[in-house]
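# Coordinate analysis (summary)
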Amino acid sequence: MDMLLYKKASDMSRAYYNRGLRFANEGELTPAIQCLVSSLRIDKKNTQARNLLGLCYHAIGRVGDALREWVISTNYSEDDNPAKRYLDSFQEDMHGLERYSQGLRNYNEALQFISQNSEDLATIRLKRATELIPNFTDALNLLALFYMKNGDKIKAAALVERVLAIDKSNPAARQYYKEVFQKRVPVLRKPGPDSTTSSGPNTQKPPARTITRRGGQSSPFAVQNRRVFAKASPISGVVSFVVGLGAMALFMYVLVFPSFLEENRTEIDELNARMYAQQVAHNAVLEERDQTIAGLRQDIETTQGQLDTQQEHNAHIQNEARVNTAHAYMQQDMHAQALAILDDVDAGRLSSDVMGIYTHVRQISMPVMEQHYFNEGRTLFNANEFGEARAMLERAVHNTTEASTVADHIYYLLGRIAEEDGEIELAIAYYEMIIEEFTGQRVTWARRRLNNLQ
């Protein structure tokens, strides 16, 4: 090995670890996780970085990822390794693991409801997930996004601040925080210039027009009639009346009507200007609304893609969390429970490290359960309780491995039970399998039984 290159890689891994440690101490967990992952890419046996990465995962509610890192850490080093203490604390709190499993199940169900456009059900599941895992930042962010979409900014802000209290650098929470407070600004800036403009002409000009009209009709002509034509003849009075009407009409035409028309024209211009301003403002509102709708649709598409990715990631985490739970059961000699959990594991989606744990649990637990079911089946067979004996022996077959020392005896007893039940072809198949695949005394017995049947 090139020791200089090895030392340089080790120094780089430690440098990333130190940087991640500084971020973690400052409460910035997202960059801390990124630095620690980079540290482990350079040196996967850096147990300090792996243990701290598990603590960061645990702080943001990703307990499955935390357990995975600690289990891998104990595989590299068991002497004075804090990871062993962390795992022991979880093994002592099986109720806590079950609560986390239920919370993750609720979160995954929420993702399924989102893909089915059942947002109300998804919100209920997310609330339940955050109750079971209070620091699950992914669930908190998604629930805040639903509140933002439904216009409940107070609840959304509370959840976003809750995430930022856990992880100051959480990118989704920082973006949602900005969005929440940016949407409050337009509420404070309501347009109000129209009210001031519309009140001017209605309150000032009509009274002026009325005053002008009254002055023109009453005072000048009334005074003139009294002084000039007070003692005139009836014909002169008629002529004066006609002349007065003509003068009044001329006065109205020359002075009052132009003023009245001018005021009406001014009102019409002001109304047109106001309508134009309102139309421009309305068009601006419509354009802003269209842009907002387009942005929301883009956000929904982006979020849907992120949700699909997150759902796949969570399914992967849950798959590996089952392996870690089975490992914990195995260490407590609860082998039946460990194998029952492994039955739900998709081994093809496991990483190489977790696959090693999966194989280890099967290698330890399967022989134990095989021997247990074999002993139960043999006892029941000797008591002539063939139905229950067959059930136990078939369970033993399910747990048989290549290194089994009792497999031939199990198949022999199953052949005998098939004989007792009249299933001759099945009994022959069991005996032929023993003759072909095994050696020893059971082969002699199987050949003897086979000859009797043929």
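Everything below is about the structure printed above this text.
Residues numbered from 1 in each chain as written. Predicted model: local features only at pLDDT ≥ 70, side-chain atom pairs only at ≥ 80, totals over all residues. Heavy atoms only, no water.

### Side note on the nonpolar core
- Judged by nonpolar contacts, the single largest core of 99 residues is most densely connected at C56, W70, Y107, L126, L142, V323 and L342.
- Looking at this core element by element, the count peaks at 10 residues for helix α16 (residues 352-382).
- Aside from chain neighbours lying at most four places away, what touches C56 is A24, L29, A32, I33 and L36. (Core = buried A, V, L, I, M, F, W, Y, C linked by side-chain atoms within 4.5 Å. Buried < 20%, exposed > 50% of the residue type's maximum accessible area, 1.4 Å probe, protein only. Helix = DSSP H or I, 4+ residues; strand = E, 2+ residues; numbered from the N terminus. Contact = heavy atoms within 4.5 Å.)

### Side note on the packing of aromatic side chains
- Counting across every chain of the model gives 8 aromatic pairs.
- With a centroid separation of 4.8 Å and 50° between ring planes, the pair formed by W70 and Y86 is classed as tilted. Note that W70 is positioned in helix α4 (residues 63-76) and Y86 in helix α5 (residues 82-92), a separation of 16 residues in sequence. For the pair formed by W70 and Y86, the shared burial category is buried.
- Relative to W445, the ring of Y412 lies with its centre 5.7 Å away and its plane at 55°, an arrangement referred to as tilted. Residue Y412 is located in helix α18 (residues 407-420), and its partner W445 is located in helix α20 (residues 441-453); the two are separated by 33 residues in the primary sequence. (Phe/Tyr/Trp six-rings, centres within 6.5 Å; stacked < 30°, edge-to-face > 60°.)

### A short note on the packing of α16 against helix α17 (residues 386-398)
- Viewed as axis vectors pointing N to C, α16 and α17 meet at an angle of 165°, and their least axial separation amounts to 8 Å. One way to sum up the angle between α16 and α17 is to call them roughly antiparallel. Every pair of crossing elements has a handedness; the one defined by α16 and α17 is left-handed. On α17, the residues touching M366, E370, Y373, F374, E376, G377, R378, L380 and F381 of α16 are F386, E388, A389, M392, L393, R395, A396 and H398. (Axes fitted to C-alpha atoms, helices over the stretch in contact; angles between N-to-C directions. Parallel < 35°, antiparallel > 145°, perpendicular 65-115°, else oblique. Left-handed = near helix turned anticlockwise from the far one by under 90°.)

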